[in-house]
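The primary structure of each chain is shown beneath.
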Amino acid sequence: MGTIIFSGTAVLVVLGFGNHLYWLAAVAVLFLYLQYGRDSSPTSSSGGSGRMPSDYRSYRNRRDEQAKWERRYRRERPFESRRQEREKGKEKSK
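I will try to describe carefully the structure that is included in this document. (Residues numbered from 1 in each chain as written. Predicted model: local features only at pLDDT ≥ 70, side-chain atom pairs only at ≥ 80, totals over all residues. Heavy atoms only, no water.)

### Quick notes on the overall build of the protein chain
On a plain count of helices and strands, the protein chain comes out with 4 helices and 0 strands. In the protein chain, the order of α-helices and β-strands from amino to carboxyl end is α-α-α-α. Residue burial in the protein chain is summarised as follows: out of 94 residues, 9% are buried. Surface accessibility of the protein chain: about 8300 Å² in total, with carbon and sulfur atoms responsible for 59%. (Helix = DSSP H or I, 4+ residues; strand = E, 2+ residues; numbered from the N terminus. Buried < 20%, exposed > 50% of the residue type's maximum accessible area, 1.4 Å probe, protein only. Areas by Shrake-Rupley, 256 points an atom, 1.4 Å probe, with all protein chains shown as cover.)

### A look at a nonpolar patch on the surface
On the surface, V11, L15 and Y22 cluster together into a nonpolar patch covering about 260 Å² of accessible area. Residue class for Y22 comes out partly exposed when judged on its relative accessible area of 35%. (Patch = residues over 30% accessible without salt bridge, like charges linked within 9 Å, V, L, I, M, F, W, Y side chains within 5 Å. Salt bridge = Lys/Arg side-chain N within 4 Å of Asp/Glu carboxyl O.)

### As for the side chain of S81
On the secondary structure map, S81 appears in helix α4 (residues 78-93). By relative accessible area, which is 9% here, S81 ends up buried. Non-local contacts of S81, meaning those with residues more than four positions away in its chain, are made with Y73 and R74. (Contact = heavy atoms within 4.5 Å.)

### Here's the deal with the packing of aromatic side chains
Summed over the entire model, instances satisfying the criterion amount to 3 aromatic pairs. With centroids separated by 5.5 Å and ring planes inclined at 80 degrees, the aromatic side chains of F17 and W23 adopt a geometry described as edge-to-face. Ring geometry for Y56 against Y59: centres 5.9 Å apart, planes inclined by 35 degrees, an arrangement best described as tilted. Placement of the pair is Y56 and Y59 together in helix α3 (residues 52-76), with a separation of 3 residues, close to one helical turn. Y59 sits in the partly exposed class, given a relative accessible area of 37%. (Phe/Tyr/Trp six-rings, centres within 6.5 Å; stacked < 30°, edge-to-face > 60°.)

Encoded structure:
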């Protein structure tokens with residue numbers, strides 16, 4: 001991603017010799033990339049710090065919500081869920 005941003009910025013700088021608005025666009029692209037594109041809190045070499053716990057926590061929350069909805073679906077629509085399981089079994093046997 002960074003390579004694309006930097007090469008695009010270089011193109012805008014080269015085009016900027018004809019029109020100075022391209023230079024402003026290049027500066028804006030770099031600013032937006034540095035502000036929002038990169039991970040602002042780099043993880044340490046141990047891998048135990050940074051954004052990993054919150055990412056994993058959000059993953060667990062999404063997974064638990066999905067499991068809850070799947071259990072509810074199977075409970076409220078037993079015939080449909082059995083039919084889907086049969087079809088899934090047929091696809092695996094092919």
